[in-house]
Amino acid sequence: MAASTGRAAGVVPAGYTALAVKFAERQRSHHCLLVKEHQVREGADTAHPPRRTLFVLNVPPYCGPDSLSRLFSRCGHVQSVDICDKPGPGEKKDKLASKFFDHKTLKGFQVAYVVFRKPAAVQAAKALSQEGPLLISTESHPVKTGISKWIANYEASIMDPKELKAEVDAYMQDYDKKVAEEEAKAAMEEGVPDEEGWVKVTRKGRKPGLPRTEAANLRVLEKEKQKRARKELLNFYAWQHRETKREHIAQLRKKFEEDKQRIALMRAQRKFRPY
């Protein structure tokens, strides 16, 4: 037993603390979460502030943000939980994520950033290694698996048209506002030299640009085709004369054959009518 304990302790990377977790009470084996205090340069990671963020490795797929928040809530108030496929700099979220778009499905084991309100909660979370295995799925907070999870995912994939329309309208209002601010800023800076005396040249001129629609593109292509047809020299070369005569003779022969067939059909349909 002593040899196996030493071998298990040697697997934990330096600077990390192993926290034993189990999916439920009936499981015999446990899983280890590797945690440490998240340390970065001051101001380098605004979404995950240092001294208040717990960095978690080896997060299983069935352990979501709600489960991690519940596990570490005994250590202190949890402000946010971000789960990523790999470690990286976090970006501060100015607004809530979309409920219908930009959903990224994470597969396999992941990493997590647990942000607490107070720095003391990070040390308390690391001290959980002295306790027994933590339970991810409990009777009061069960984690859905199997068919129940598939049913929940399918129900969540069905969009509410009213909510979708409200989100799209809000996004378009923000976009129109942003475009209007950029146009106003560009109009104010137009023709104004910078510190070095340079004047920024924009694409906006006296003539407004054509609307980028399919009908406008078709009209432009048709005009270009007509210009090329006017510029093309007809019957200028000898081979053009020969091609023109050959095509004319072929059309006459084709029309002659069509007339013969039509006359033959009229003769076949003709009947004797004395009166």
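Residues numbered from 1 in each chain as written. Predicted model: local features only at pLDDT ≥ 70, side-chain atom pairs only at ≥ 80, totals over all residues. Heavy atoms only, no water.

Chemist: Outline the pattern of salt bridges, listing residues and values.
Modeler: Enumeration according to the criterion identifies 4 salt bridges in this entry. A salt bridge links Asp169 to Lys165; its shortest N-O distance comes to 2.9 Å. Here Asp169 and its partner Lys165 are both found in helix α5 (residues 161-189), 4 residues apart, which amounts to about one turn of the helix. Across the salt bridge formed by Arg246 and Glu243, the nearest N and O atoms sit 3.2 Å from each other. Residue Arg246 and its partner Glu243 are located together in helix α7 (residues 238-269), separated by 3 residues, close to a single helical turn. Under the relative-accessibility criterion, Arg246 is labelled partly exposed at 48%. (Salt bridge = Lys/Arg side-chain N within 4 Å of Asp/Glu carboxyl O. Helix = DSSP H or I, 4+ residues; strand = E, 2+ residues; numbered from the N terminus. Buried < 20%, exposed > 50% of the residue type's maximum accessible area, 1.4 Å probe, protein only.)

Chemist: Describe the packing of aromatic side chains, and please don't skip the residues or the numbers.
Modeler: Across all of its chains, the model carries 3 aromatic pairs by this definition. When the centroid spacing of 5.2 Å and the interplanar angle of 40° are considered together, the rings of Phe55 and Tyr113 count as tilted. On the criterion of sequence distance, the pair formed by Phe55 in strand β3 (residues 53-59) and Tyr113 in strand β5 (residues 110-116) is long-range, its members being 58 residues apart. Taken together, a centroid distance of 6.5 Å and an interplanar angle of 90° make the contact between Phe72 and Phe116 edge-to-face. (Phe/Tyr/Trp six-rings, centres within 6.5 Å; stacked < 30°, edge-to-face > 60°.)

Chemist: Explain α5 to me, using residue names and the numbers behind them.
Modeler: Given a rise of 1.5 Å per residue, 29 residues ought to cover 42 Å, and the 42 Å separating the end C-alpha atoms of α5 matches this to within 8%. Phi turns positive one or two residues past the end of α5, at Gly191, with a value near 80°. (Expected span 1.5 Å × (residues − 1).)

Chemist: Go over the sheet that holds strand β4 (residues 78-84) with me, naming the residues and quoting the values.
Modeler: The strand order β4-β5-β3-β2-β1-β6 describes an open sheet built from 6 strands, whose pairing is mixed. Looking at which strands have only one partner, the edges of the open sheet turn out to be β4 and β6 (134-135). Lying over the sheet, helix α2 (residues 65-72) contacts β1 (17-22), β2 (31-37), β3, β4, β5 and β6, oriented at roughly 135° with respect to β4. (Pairing = 2+ DSSP bridges. Contact = heavy atoms within 4.5 Å. Axes fitted to C-alpha atoms, helices over the stretch in contact; angles between N-to-C directions.)

Chemist: Hey, could you go over the confidence of the model for the chain for me, with residue numbers and the actual values?
Modeler: Caution is warranted with low-pLDDT regions, since their predicted coordinates should not be read in detail. Scored by pLDDT, the chain has a mean of 79; 80% of the residues are at 70 or more. Per-element mean pLDDT across the chain ranges from 44 in helix α1 (residues 2-11) up to 91 in β5. (pLDDT = per-residue confidence, 0-100.)

Chemist: Describe in detail the pairing of β2, supporting the description with residues and values.
Modeler: Within β2, 5 of the 7 residues are buried, leaving the element largely enclosed by the surrounding structure. Of the strand pairs in this sheet, β1 and β2 are connected by 5 bridges, and their pairing is antiparallel. Looking at β2, one finds that Leu19 is bridged to Leu33. Bridge count between β2 and β3: 4 bridges; the pairing is antiparallel. Opposite Val35, over in β3, you have Val56 as the bridge partner.

Chemist: Describe the side chain of Thr53, listing the residues and the values that go with them.
Modeler: If you trace the backbone, Thr53 turns up in strand β3. For Thr53, the side chain forms a polar contact with the main-chain oxygen of Pro49, separated by 2.6 Å. With residues near it in sequence (within four places) discarded, Thr53 still touches Lys36, Glu37, His38, His48, Tyr113, Val114, Val115 and Val122. (Polar contact = N/O pair within 3.5 Å; in protein donor to acceptor, adjacent residues only side chain to side chain.)

Chemist: I'd like a description of unusual backbone geometry, backed by residues and values.
Modeler: The backbone of Arg51 shows a phi angle near 70°, a positive value even though the residue is not glycine. One can find Arg51 in the loop between β2 and β3. Judged by its relative accessible area of 52%, Arg51 falls in the exposed class. The phi torsion at Asn58 lies on the positive side, around 65°, for a residue other than glycine.

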